Amino acid sequence: MTIVTGKAETGRRLQPGRSGVLRNVWQHRADYAYVLPAIAVMLVVIAYPIYYTIELSFFKTPPGLQLRDKTFIGFDNYTAILTSPVFWKVTWNTLIWTIGSTFFSFVLGFGAALALHRDFVGRGVLRAILIIPWVISAVAASYIWKWIYHSDFGIIGAVLVGLGLADQPPNFIDNVSTVLPSLIVVNIWREFPFAMIMMMAGLQTVPEQLLRAAEVDGANAWQRFWHVTFPHLRNVSTVTILLLAVANFNSFIIPWIMTGGGPSNASHIWITHIYELAFGRQRWGVASAYSVLLFLMLMVLGYFYVRALAGNERKEGGA
Amino acid sequence: MTRISLGGAVLRGTVSAALMVSLMSASALAEAPVDLSKWSPEYVRSIAGTQDFDTAADCGKVTPLDYKGRLTFWYQGVFEGDPDLLRQYYKDFFETFRKTYPNIQLEEQALTYNDLLDKFRTALLGNAAPMAVRLQILGGTEFASKGYLQPLKPEDVGYSTEDFWPGAMKAVTWDGVTYGIPTNNETMAFIWNADIFKRAGLDPDKAPATWDDVVKYSKQIHDKLGIAGYGLVARKNAGNTPYRFMPQLWAYGGGVFDEATANPTYKEVELNSPQSKAALQASYDMYVRDKSVPVSALTNQQADNQPLFVAGQLGMMISHPSDYNVMLDLQKKATGADKDKAQTVIDNMRYGLIPTGPDGKRAVVFGGSNIHILKPEYVEGGKVDEPAAKAIICMWTSPEWSLKMAYAGSNPGNLNGFKTKWMKERLDSIKFLDVTTSMLPYGIPFPALPQSPEIMNIIVPDMLQNALTGAMTVDQAADDAAQKVKDLMGGL
């Protein structure tokens, strides 16, 4: 009896995981059915292109031939990319662009969210105004900023010269040293409202009672922020930063429209470079290899994003 | 004794007569409708308005006017730098086509010069191209060499090869086969503001004779008046850049290959020859040494130079005769004192021949566009309605419409267009047309190679940007560009 019972117990111990998963799937069969169409579409429009891009990255695609005339070259495209000085320049530009844009967008957005979280006259109007850069088309914004920055008759230059602060208009986007920071400013201007909205939503979740209790206990404004508000915003901050970073890694419109990656490749970031390689120079194989590398990097970011979201869910579940 | 049968004699006679007629018609066809050896403004005036054409009747012979079909068509259309006049002619063309062929369901799509190639290439990869396309002159050989285009020659739509500029026909020919028909051909001219010249102490009625003079004049204008002298354009992926730099390069005796010679072979890369470097040095001198050109040249297109010019902030530029109409359009939109200022610029606008190089060589890009029919396997739906495609091609390349669609900015691809009454009207109404038509014999086509778009739109502008930003010296930039062309030609 004892032996039998023991076997039965061992069997039960092995089974729960599998049968539990299956039972769980069965119980949520309707949910799976609901997401099935979306998954099917994703397989067609995402999975296949990813597969094809990976495949293409192992082929040489001379610009003078059709794509079907490609030849297999193994990892040569990857070797060529990693040994190319342009790759490292573009990668450096991409890192500066992504880190600079993400950091300053987040800090500005967070600051704006904290300011707008307080109650004051005109708060609603100000909030609406601050959202405008995020709402308007990136293409329109790029053209507007191109004229604002224009090295010969841009508004900023005219104002500075008019006020006697400069002898001639500053050169923002026709100079290899200033072009990337100038584009980052435009990107921050466009993105910080997103961070602001996210952080404002996060601020709504900070319990008022805790803040009041802290105040009663004698905590000053900074201490209340640092010990009560900020810990509550940690997860939303992580998600916001990751979303901004992913969006910035994938940026295209602003640099492409404003400078086309120039002058002298000084504002080329990965996506604009990939676009030029593929559609301007028809190096589909090399462009695909670049895309695979970018994909891998984004997967790493995606992993952290999912982990952050899972952390949020666990905390909410625990609460 | 030889016996001659009546039947045999009739047969021989018929064959001989047919052969003679065919040779006569062949020689008649082989004769160009205009005498290119006599080309001059006076000659162009003398032939204008001497012949009438009935476009609908001519095209009806190619595709019956009651033909029922469907056509998808992409074309390089008007953009922000074009005058309103041209917009109206494009509108009129499609309205007329729909009236002439009421049973052809036309789905047309206009794309700008800088977007068309990228979009077209992408569509081809997905077998989603249109049935017919009008591409910039640079694009013909790229797509023909890859096998995307159907053979198509002027004779297929009722015209003769000799009706078109020989240089333009080269751009649609690959491996001895013709794959398209030129719609328009253009050569630009040199434009200057006489008032600025006068205020800068230059002869207001005299264009700079050489490119070295352009460098000197540009500096003098900048130093004396504090404005930009010459409208340099060096943006990447913009057609405007090669159209302005290549004439300079060729005038100095340089080139990408030997495309400026009578019989180019495209074998040797000459982008880093001493002559090519001298041309690049001239641009460097204007941008870096003298700072006499717009600082924004690296991100500018010609459309950005136009407001500078009409505002009296730019002394010289290279462009089409249509820029005069663009200035008129811009002046209409100006208000208050700006309107008067713009009028002063327009009154002082002068056109002249593009300057020569140190050895007296004058050159200009022989530009334009071509129209093509795609192979069915690359077209959305896998079918090409050939009669419908030929109908629109016949109309666009007709003497009437090849002229009207090039009314202000270009010249008719079909040489018979010069004989129409609209050419006469155009000569009277479009100022400075004489100058740009006078530049036609100096026109040099871009190399008729599939690699030309990358060379002209990416490698040449990159070379300019590398030198002008100081990222490389002039020598390094030229050597780097030459190496890129070699790699490209070697299939890398």
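The numbers attached to residues start from 1 for each chain and follow its sequence in the written order. For naming, the first written chain is A and the first written ligand is 1, with later ones following in the order written. With pLDDT at 70 or above as the cut-off, local features in this predicted model cover only qualifying residues; side-chain atom pairs require 80 or more to be listed or tallied, and sums for whole chains, interfaces and linings still use all residues. For side-chain calculations, the full set of non-hydrogen atoms in the structure is used, while hydrogens and water are omitted.

**Points about the overall build of chain A**
- A run of H or I in DSSP becomes a helix once it reaches four residues, and a run of E becomes a strand once it reaches two; helices and strands are each numbered from the N terminus. Broken down by element type, chain A carries 13 helices and two strands.
- With respect to the three principal axes, the spread of C-alpha positions in chain A is 100 × 70 × 35 Å.
- Here's how the labels work: a residue is buried when its accessible area is under 20% of the maximum for its type, exposed when over 50%, partly exposed in between, all with a 1.4 Å probe on protein chains only. Counting the 319 residues in chain A, one finds 39% classified as buried.
- Contacts: residue pairs with any heavy atoms within 4.5 Å of one another. Taking the intrachain contacts of chain A between residues at least 6 apart in sequence as the baseline, contacts between residues at least 24 apart amount to 67%.
- For the area figures, the Shrake-Rupley method with a 1.4 Å probe applies, and any residue is considered shielded solely by the protein chains shown. When the accessible area of chain A is evaluated, it comes to approximately 18,000 Å², of which 69% is carbon and sulfur surface.
- Here Asp and Glu are counted as negative and Lys and Arg as positive; His is not counted, and neither are the chain ends. By convention, the charge on Lys lies at NZ, on Arg at CZ, on Asp at CG and on Glu at CD. In chain A, which carries 23 positive and 16 negative side-chain charges, the distance between the mean positions of the two groups comes to 10 Å.

**Some words on the overall build of chain B**
- Within chain B, the secondary structure is distributed over 20 helices and 14 strands.
- Taking 2.2 N^0.38 as the reference for a compact globule, 492 residues should give roughly 23 Å; the C-alpha atoms of chain B span a radius of gyration of 24 Å, in line with that estimate.
- Each of the three principal axes of chain B carries a C-alpha extent, and together these read 90 × 55 × 50 Å.
- Of the roughly 18,600 Å² of accessible surface on chain B, a fraction of 53% belongs to carbon and sulfur atoms.
- Each charge class in chain B was averaged separately, 48 positive and 56 negative side chains, and the resulting centres sit 2 Å apart. With C-alpha atoms as the basis for the radius of gyration, the globule rule is written as 2.2 Å multiplied by the number of residues raised to the power 0.38.

**Concerning the interface of chain A and chain B**
- Taken residue by residue, the interface counts 36 residues in chain A and 33 residues in chain B.
- Accessible area, probed at 1.4 Å, shrinks when two parts are joined; the buried area is that loss added up over both. Buried surface at the junction of chain A and chain B, summed over both partners, amounts to about 2,800 Å²; 48% is from carbon and sulfur atoms.
- Among the residues of chain A in contact with chain B, A:Gln66, A:Asp174 and A:Ser264 are the three that bury the most area, contributing 19% of the side total.
- One side-chain nitrogen of Lys or Arg within 4 Å of one carboxyl oxygen of Asp or Glu is enough to make a salt bridge. Viewed at the interface, chain B and chain A are joined by three salt bridges.
- For the salt bridge of A:Arg281 with B:Glu454, the shortest nitrogen-to-oxygen distance reads 2.9 Å.
- Every element with two or more residues in the side of chain A that touches chain B is listed here: helix H6 (138–149), helix H11 (253–258) and helix H12 (270–280) of chain A.
- When grouped by side-chain class, the residues that make up the side of chain A that touches chain B number 15 nonpolar, 13 polar and eight charged. Polar here means any residue outside two lists: the nonpolar Ala, Val, Leu, Ile, Met, Phe, Trp, Tyr, Cys and Pro, and the charged Asp, Glu, Lys and Arg; Gly therefore counts as polar.

**Points about the sheet that holds strand E10 (residues 349–352) of chain B**
All names here are of chain B.
- Strands are treated as partners if at least two bridges between them are detected by DSSP. The four strands are arranged E8-E9-E7-E10 in an open sheet whose pairing can be described as mixed. The sheet is open, and its two borders are formed by strand E8 (228–230) and E10, each paired with just one other strand. For this sheet the average axis-to-axis angle between neighbouring strands, irrespective of direction, equals 25 degrees. Each axis is a line fitted through C-alpha atoms, taken for helices only over the stretch in contact, and angles between the N-to-C directions span 0 to 180 degrees.

**Some points on the confidence of the model for chain A**
Residue and element names in this part refer to chain A.
- Overall, the predicted model of chain A reaches an average pLDDT of 87, with 92% of residues at or above 70.
- Per residue, pLDDT measures the predictor's confidence, with a range of 0 to 100. When pLDDT is averaged over each element of chain A, helix H8 (residues 179–203) comes out on top at 95 and helix H1 (residues 2–27) at the bottom at 59.
- In the predicted structure, residues 1–14 sits below a pLDDT of 50 and forms zero contacts with residues beyond four places in sequence or in another chain.

**Details of the packing of aromatic side chains**
- By convention, a stacked pair of Phe, Tyr or Trp rings (six-membered ring in the case of Trp) has centres within 6.5 Å and planes under 30 degrees apart, an edge-to-face pair has planes over 60 apart, and any other such pair is tilted. Here the structure, examined in full by the defined rule, presents 61 aromatic pairs over all chains.
- Ring centres of A:Trp145 and A:Tyr149 lie 5.3 Å apart, and the angle between their planes is 55 degrees; this geometry places the pair in the tilted category. With a gap of four residues between them, A:Trp145 and A:Tyr149 both fall in helix H6, about one helical turn apart. Like A:Tyr149, A:Trp145 is buried.
- Centroid distance A:Phe252 to A:Trp256: 5.6 Å. Interplanar angle 15 degrees. Geometry classified as stacked.
- The partly exposed category is assigned to A:Phe252, whose relative accessible area is 23%.
- Judged by relative accessible area, which is 17%, A:Trp256 ranks as buried.
- Each member of the aromatic cluster is reached from another via a ring pair, and the members are B:Phe73, B:Tyr75, B:Tyr90, B:Phe93, B:Phe94, B:Trp396 and B:Trp401.
- Sitting over a ring, as applied to charges here, requires NZ of Lys or CZ of Arg to be within 6 Å of the ring centre and within 35 degrees of the ring normal. Here the guanidinium or amino end of A:Lys70 rests over the ring plane of A:Phe59, the centre of that ring lying 5.1 Å away.

**A look at the pairing of strand E7 (residues 189–193) of chain B**
Residues and elements named next belong to chain B.
- Counting buried positions along E7 gives five out of five residues, so the element sits mostly inside the fold.
- Residue alternation in E7 divides its side chains into two sets, Ala189, Ile191 and Asn193 and Phe190 and Trp192, and both sets are buried.
- In terms of strand pairing, E7 meets strand E9 (residues 314–319) through four bridges, oriented antiparallel. The residue of E9 that forms the bridge with alanine 189 is serine 319.
- In this sheet, E10 lies alongside E7 in antiparallel orientation, the contact comprising four bridges. Note on E10: the bridge partner recorded for tryptophan 192 is arginine 350.

**Considering the packing of helix H9 (residues 211–225) of chain B against helix H11 (residues 274–289) of chain B**
Residue and element names in this part refer to chain B.
- As a packed pair, H9 and H11 sit with axes 9 Å apart at the nearest point and diverge in direction by 10 degrees. By the angle class used here, H9 and H11 are roughly parallel. Here Val214, Val215 and Ser218 of H9 lie close against H11, whose contacting residues are Ala282, Asp285, Met286 and Arg289.
- The class makeup of the residues in the contact of H9 with H11 is four nonpolar, one polar and two charged. Roughly parallel here means an angle under 35 degrees, roughly antiparallel means over 145, roughly perpendicular means 65 to 115, and every remaining angle is called oblique.

**Notes on the pattern of salt bridges**
- Counted by the stated rule, this structure contains 27 salt bridges over all chains.
- Measuring nitrogen to oxygen at the nearest pair gives 3.3 Å for the salt bridge that ties B:Asp84 to B:Arg87. Here B:Asp84 and its partner B:Arg87 are both found in helix H4 (residues 84–100), three residues apart, which amounts to about one turn of the helix.
- Where B:Arg289 meets B:Asp290, a salt bridge forms, and the shortest distance between an N and an O atom there is 2.8 Å.
- The network of salt bridges with shared partners includes A:Glu276, B:Lys236, B:Asp462, B:Asp480 and B:Lys484.

**Things to note about the layout of surface pockets**
- Lining residues are those with an atom within 4 Å of a point, where the points come from a 1 Å grid over the protein atoms alone and group into cavities, where a 1.4 Å probe fits but cannot get out, or pockets, open sets with protein on both sides within 12 Å along at least five of seven lines. Grid points are joined across faces, edges and corners, and a volume is the space filled by probe spheres set on the points. Within this model, the second largest pocket holds a volume of roughly 1,100 Å³.
- Every residue lining the second largest pocket is counted, 41 residues in all, and those nearest its centre are A:Ser84, A:Val86, A:Leu277, A:Arg281 and B:Asp487.
- Its residues assigned to classes, the lining of the second largest pocket shows 17 nonpolar, twelve polar and twelve charged.

**Here's the deal with the side chain of B:Ser398**
All names here are of chain B.
- Tracing the chain through its elements places serine 398 in the loop between helix H15 (386–396) and helix H16 (399–404).
- You can call serine 398 buried: its relative accessible area is 1%.
- Not counting chain neighbours up to four residues away, the residues in contact with serine 398 comprise Thr55, Tyr159, Leu403 and Asn414.

**Describing the pairing of strand E2 (residues 104–111) of chain B**
Residues and elements named next belong to chain B.
- Pairing of strand E1 (residues 69–76) with E2 involves eight bridges; the strand directions are parallel. Paired with glutamine 76 across the strands is leucine 111, a residue of E2.
- Crossovers are described as right-handed under a simple rule: with the strands pointing away from the observer, the path leading from the first strand over the helix to the second runs clockwise. In this region the chain leaves E1, passes through H4 and returns to the parallel neighbour E2; the handedness of that crossover is right-handed.

**As for the confidence of the model for chain B**
- Here chain B shows a mean pLDDT of 89. Residues at 70 or above account for 93%.
- Low pLDDT, under 50, characterises residues 1–29 of chain B; the stretch is placed with four contacts to residues that sit more than four places away or in other chains.

**As for the environment of B:Ala32**
- Mapped onto the elements of the fold, B:Ala32 is located in the loop between helix H1 (6–30) and helix H2 (41–47).
- When the C-alpha positions of B:Ala32 and B:Gly158 are compared, they lie 15 Å apart, and in sequence the two are 126 residues distant.

**Re the state of the cysteines**
Residues and elements named next belong to chain B.
- By convention in this document, the label disulfide applies to cysteine sulfur atom pairs within 2.5 Å. On inspection of all chains with the given rule, the structure shows one disulfide over all chains.
- The disulfide partner of cysteine 59 is cysteine 394, and the gap between their sulfur atoms is 2.2 Å. Across the S-S bond of cysteine 59 and cysteine 394 the torsion is about -90 degrees, and the bridge reads as left-handed. Within this pair, whereas cysteine 59 is found in helix H3 (residues 55–62), its partner cysteine 394 is found in helix H15, the two being separated by 335 residues in sequence. When sorted by exposure, cysteine 59 lands in the same class as cysteine 394, which is buried.

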